[in-house]
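Working through the structure, step by step
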Amino acid sequence: MTSRASEEIQTDPRFASGVALFNSQQFYEAGDLFEELFFEAVGGELEFIRAFLQVSVGCVHAERRQPRPAIERLQEATLAIARVTDDRGFDLASLRSDILKLMSDLPGPESPFGGSWPVIRAK
């Protein structure tokens, strides 16, 4: 296990791996990495990493055609984004926009998903 005692969360290799997994739509695996980082986060890192964790879990529920838990987690992600005071060079406004679009495009349990997945982008 990597220790984060002396580094910023966004420079942790697990964070970079989580972003890459998320952007390749491997949401479950990304969420696992973001969860590890969440439990190690301190101070202002908490809301920053919470946003990535919640959007990952929300996307897992969306993939599984579970709209209610997907929306709950995605709403938590948007609330976390609103509380972030340091975006650490990431375009959280675009991520929030992507999340809102996903929530409006969520299908029911039997419907195919025709929308687009959120993407984590640097500024």
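**Considering helix H4 (residues 67–83)**
Given 3.6 residues per helical turn, the α-helix brings residues three or four places apart onto the same face. Compared with an ideal rise of 1.5 Å per residue, which puts 17 residues at 24 Å, H4 spans 24 Å between its outermost C-alpha atoms and is within 8% of the ideal. Within the span of H4, buried status applies to Ala70, Leu74, Ala77, Thr78, Ala80 and Ile81. Here the buried residues of H4 occupy an arc of 160 degrees about the axis, which is enough to place them on one side. More than 90 degrees from the buried face of H4, the exposed residues found are Arg68 and Ala82. Turning to H4, the residues buried within the fold contact helix H3 (45–63) and helix H5 (92–105).

**Regarding the nonpolar core**
Counting residues in hydrophobic clusters, the biggest one holds 35 residues, and the most contacted among them are Phe15, Phe34, Ile49 and Phe52. Residue assignment for this core shows that the elements contributing at least two residues are helix H1 (13–23), helix H2 (27–40), H3, H4 and H5. Sort the elements by how many residues they give to this core and H3 lands first, with nine residues. Not counting residues within four places of it along the chain, the set of residues in contact with Ile49 comprises Ile9, Phe15, Phe34, Leu37, Phe38 and Ala41.

**Some details on the packing of aromatic side chains**
Going through the model one piece at a time under the given rule, you end up with eleven aromatic pairs. Judged by centre distance (5.4 Å) and plane angle (80 degrees), the ring pair of Phe15 and Phe52 falls under edge-to-face. Here Phe15, found in helix H1, pairs with Phe52, found in helix H3; they are 37 residues apart in sequence, far enough to count as distant. Accessibility assignment for this pair places Phe15 and Phe52 in one class, buried. Plain terms: the ring middles of Phe48 and Phe90 are 6.1 Å apart, the flat faces sit at 55 degrees to each other, and that makes the pair tilted.

**Points about a negative patch on the surface**
On the surface, a cluster of negative charge is made up of Glu29, Asp32, Glu35 and Glu63. Looking at which element gives the most residues to the negative patch, the answer is H2, with three residues. Note that Asp32 resides in helix H2. The class for Asp32 is partly exposed, based on a relative accessible area of 37%.

Rules behind the numbers
- Residues numbered from 1 in each chain as written.
- Predicted model: local features only at pLDDT ≥ 70, side-chain atom pairs only at ≥ 80, totals over all residues.
- Heavy atoms only, no water.
- Helix = DSSP H or I, 4+ residues; strand = E, 2+ residues; numbered from the N terminus.
- Expected span 1.5 Å × (residues − 1).
- Buried < 20%, exposed > 50% of the residue type's maximum accessible area, 1.4 Å probe, protein only.
- Arc of directions from axis to C-beta.
- Contact = heavy atoms within 4.5 Å.
- Core = buried A, V, L, I, M, F, W, Y, C linked by side-chain atoms within 4.5 Å.
- Phe/Tyr/Trp six-rings, centres within 6.5 Å; stacked < 30°, edge-to-face > 60°.
- Patch = residues over 30% accessible without salt bridge, like charges linked within 9 Å, V, L, I, M, F, W, Y side chains within 5 Å.
- Areas by Shrake-Rupley, 256 points an atom, 1.4 Å probe, with all protein chains shown as cover.
- Salt bridge = Lys/Arg side-chain N within 4 Å of Asp/Glu carboxyl O.
- Lys, Arg positive; Asp, Glu negative; His and termini not counted.
- Charge placed at Lys NZ, Arg CZ, Asp CG, Glu CD.

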